[in-house]
Amino acid sequence: MGCCNCMKRRDFLEIAAAGVAMGAITAAAVATGAGPSGQAGVATAWEPSEAQTEHRKKLIVQPLLRHEIETRKPQTSWRNWGDVHTKEAVQDEIKRINGELQLLAAQADFPLEILPLAIASNDAEGIKVRDSSPADVLLLYAAGALSLDPCITRKRHTIIFVRHLSGPVYDWYENVSNRFLRVPGKNFEYDQYRNFEGVGVDDVVVDDYAEILWRLRALMGVKNFMGSRAVTIGKATGKGCHRAPEVCRAKFGMDIVEVSYPELAQRIKDARSQTSQMAAAREGAKRYLAQAHVTLKTDAQFVEGAFVLYSIFKDLLRKHQAQSFTIQSCMSTVMPIAETTACLPLSVLQDEGYTAFCESDFASLPAGVLLRVVSGKPTFMHNPTFPNKGIVTCAHCTCPTRMDGKHFTPVQLKTHYESDYGAALKVELPLRTEVTLIDPDCAQERWLGFRGKVMDNPCFSICRSQQEIQVEGDWKRLAREIRGSHWMMCCGDYLKEIGYATAKIGLGWLNISDLPHS
């Protein structure tokens, strides 16, 4: 079932073109901590036609062809397996690889830079590339060599590519298993996988560039996740685990900036005293409510107040050059200060390209950040119900309205459920939409994930945005394995990427969708 209130394709393309120019201004503002006028803290009128702003840093890839030139020798074994062992074959392979890399770059839906192909015909040349390249990832074309070890270092990720049917067969199509992943030793080392410099079985690709692409997408996510910065209103905490922020800092290098409630109160007071700030808030509320997919079922004054908060939250993100935002005690402490709820401004920030959640839950926030930077799409943090008959209900009072990153979906603005106050969102996703769901544990030791489909957008007496999700996989096992409190959800299937990325950042991973139904 399609989204009945989504923009028409022609209309979206027209406003997206205008959004490109706006995006350039926004990107510059994020870098400088200033608004378009060049003054920090100046409110900018919210613009629904603006495309998502890209906050992710590009992944830099160094392709390297490792080969050996071999010459005939009488009455001895002089040639290893593979077709790339003459100068002519090497030149043909260089042309083939360069053409394939152009196609790979064109297919990437994430920030990617592929450096010129490097060539190494001996260990010394491989070591030179290893030690001098600025790349985040080595894409190693293992055509031939006595050893791949000299090319590889833990300071960057490595993907080893070998050919079987996609071109001239590579020597390491055989040897990557018995001379790299496993090596002989004094005892039984040949039966053990050594994980040399962090490179293992999952880092080997045979023939298929689609397999390279999703790995690069995952590694781009890892680059943008590790060491990221989050702003929180109120003290950072974790639902069910107060040590969660401590774990995030230690394990993921996360920089958490805490903004006090008195500072928030002062910023709200200052905004209300400035004519330009209030004019921008009124204009933002007007534009939001004028959208065809929006239905107002609360007081419009709450919406205007929400755009005051939106401007303040965005200014804090710019000031601290942060990628994600969260707010503690939004259902109690913040309401009397803001005279509205944080639900709507968090949703708007998500639609713009940020990661923004309520509750300052650093037990779940890392999963939301990683899912966001891998998928490039907004992430819905929600409370899950107990799985039953293959269905789980996911609900919260704030949810992005542009879940696929492009099109807006129908939304009703209601009061926040528990308080019956402010402006919260009931977002309705198109039925049969495929989604990825991640359930992180509080200790950040093992996450689980599964694919699902949106089966309904019900109206239970629970948080306003609510979807019935059909679990793809063993839902009974899911019920036994649930950890933490909040789950994260995005549109599309990103289980492979998240599973690959979690291994790189030191997490265990359980893919429920890989398990047969019990």
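The coordinates are above.
Conventions adopted
- Residues numbered from 1 in each chain as written.
- Predicted model: local features only at pLDDT ≥ 70, side-chain atom pairs only at ≥ 80, totals over all residues.
- Heavy atoms only, no water.
- Salt bridge = Lys/Arg side-chain N within 4 Å of Asp/Glu carboxyl O.
- Helix = DSSP H or I, 4+ residues; strand = E, 2+ residues; numbered from the N terminus.
- Buried < 20%, exposed > 50% of the residue type's maximum accessible area, 1.4 Å probe, protein only.
- Pairing = 2+ DSSP bridges.
- Axes fitted to C-alpha atoms, helices over the stretch in contact; angles between N-to-C directions.
- Contact = heavy atoms within 4.5 Å.
- Expected span 1.5 Å × (residues − 1).
- Polar contact = N/O pair within 3.5 Å; in protein donor to acceptor, adjacent residues only side chain to side chain.
- 1 Å grid on protein atoms, 1.4 Å probe; cavity = no way out; pocket = protein on both sides within 12 Å on 5 of 7 lines; lining within 4 Å.
- Points joined across faces, edges and corners; volume = space filled by probe spheres on them.
- Nonpolar A, V, L, I, M, F, W, Y, C, P; charged D, E, K, R; others polar.
- Disulfide = S-S within 2.5 Å.
- Core = buried A, V, L, I, M, F, W, Y, C linked by side-chain atoms within 4.5 Å.
- Parallel < 35°, antiparallel > 145°, perpendicular 65-115°, else oblique.
- Left-handed = near helix turned anticlockwise from the far one by under 90°.

This part is about the pattern of salt bridges. Throughout the structure, instances matching the rule amount to 30 salt bridges. One salt bridge in this structure joins lysine 58 and glutamate 113, with 2.7 Å as the shortest N-O distance. One end of the pair, lysine 58, is in the loop between α1 (9-32) and β1 (59-66); the other, glutamate 113, is in strand β2 (residues 112-114), with 55 residues separating them in the sequence. A relative accessible area of 42% means that lysine 58 is categorised as partly exposed. You can call glutamate 113 partly exposed: its relative accessible area is 28%. Three or more residues are tied together by salt bridges with common partners; here these are Glu93, Arg96, Glu100 and Arg163.

If you trace the 4 strands from one edge of the open sheet to the other, you get β8-β7-β10-β11, paired in parallel fashion. Edge strands, defined here as strands with exactly one partner in the open sheet, are β8 (255-259) and β11 (355-358). Adjacent strand axes in the sheet meet at a mean angle of 20 degrees when their direction is disregarded. Across 4 bridges, strand β7 (residues 229-233) lies against strand β10 (residues 324-327) in parallel orientation. Looking at β10, one finds that threonine 232 is bridged to threonine 326. Sitting on the sheet, helix α9 (residues 300-319) is in contact with β7, β8 and β10, with an inclination near 130 degrees to β10.

The terminal C-alpha atoms of helix α5 (residues 209-225) lie 24 Å apart, and with 17 residues this matches the ideal 24 Å at 1.5 Å per residue to within 8%. Within α5, 14 of the 17 residues are buried, which leaves the element mostly enclosed by the surrounding structure. Taking the backbone nitrogen of alanine 210 as reference, a side-chain oxygen 2.9 Å away marks aspartate 208 as the first, capping residue of α5. Looking one or two places after α5, you find glycine 227, whose phi comes out positive at around 75 degrees.

With that settled, the discussion passes to the layout of surface pockets. For the largest pocket, the calculated volume is near 540 Å³. Gln52, Glu54, Arg56, Gly376 and Lys377 are, among the 26 residues lining the largest pocket, the residues nearest its centre. Ranked by the residues each element gives to the lining of the largest pocket, the list is headed by helix α12 (residues 365-375), at 4 residues. Broken down by class, the residue content of the lining of the largest pocket amounts to 6 nonpolar, 12 polar and 8 charged.

It is worth spelling out the state of the cysteines at this point. A complete count under the given rule lists 0 disulfides for this structure. Note on cysteine 463: no disulfide assigned, nearest cysteine sulfur contributed by cysteine 397 at a separation of 4.0 Å.

Attention shifts here to the nonpolar core. For soluble globular proteins, the rule of thumb is that nonpolar side chains tend to be buried together. Counting residues in hydrophobic clusters, the biggest one holds 146 residues, and the most contacted among them are Ile160, Tyr288, Phe307, Phe313, Phe325 and Ile327. Other than its neighbours up to four places away in sequence, isoleucine 160 contacts Leu140, Ala142, Leu148, Ile152, Val176, Phe180, Val199, Asp203, Val204 and Val205.

The subject of this paragraph is the environment of threonine 86. Looking at the element boundaries, threonine 86 is found in the loop between β1 and α2 (87-107). With 16 residues separating them along the chain, threonine 86 and glutamate 70 place their C-alpha atoms 6.6 Å apart.

Viewed as axis vectors pointing N to C, α5 and helix α14 (residues 495-504) meet at an angle of 50 degrees, and their least axial separation amounts to 9 Å. Between α5 and α14, the angle falls in the class oblique. You can see that α5 and α14 cross each other, and the crossing is right-handed. Of the residues in α14, those touching α5 at Glu211, Trp214, Arg215, Arg217, Ala218, Leu219 and Val222 are Lys496, Glu497, Tyr500, Ala501 and Lys504. Taken together, the residues of the contact of α5 with α14 sort by class into 6 nonpolar, no polar and 6 charged.

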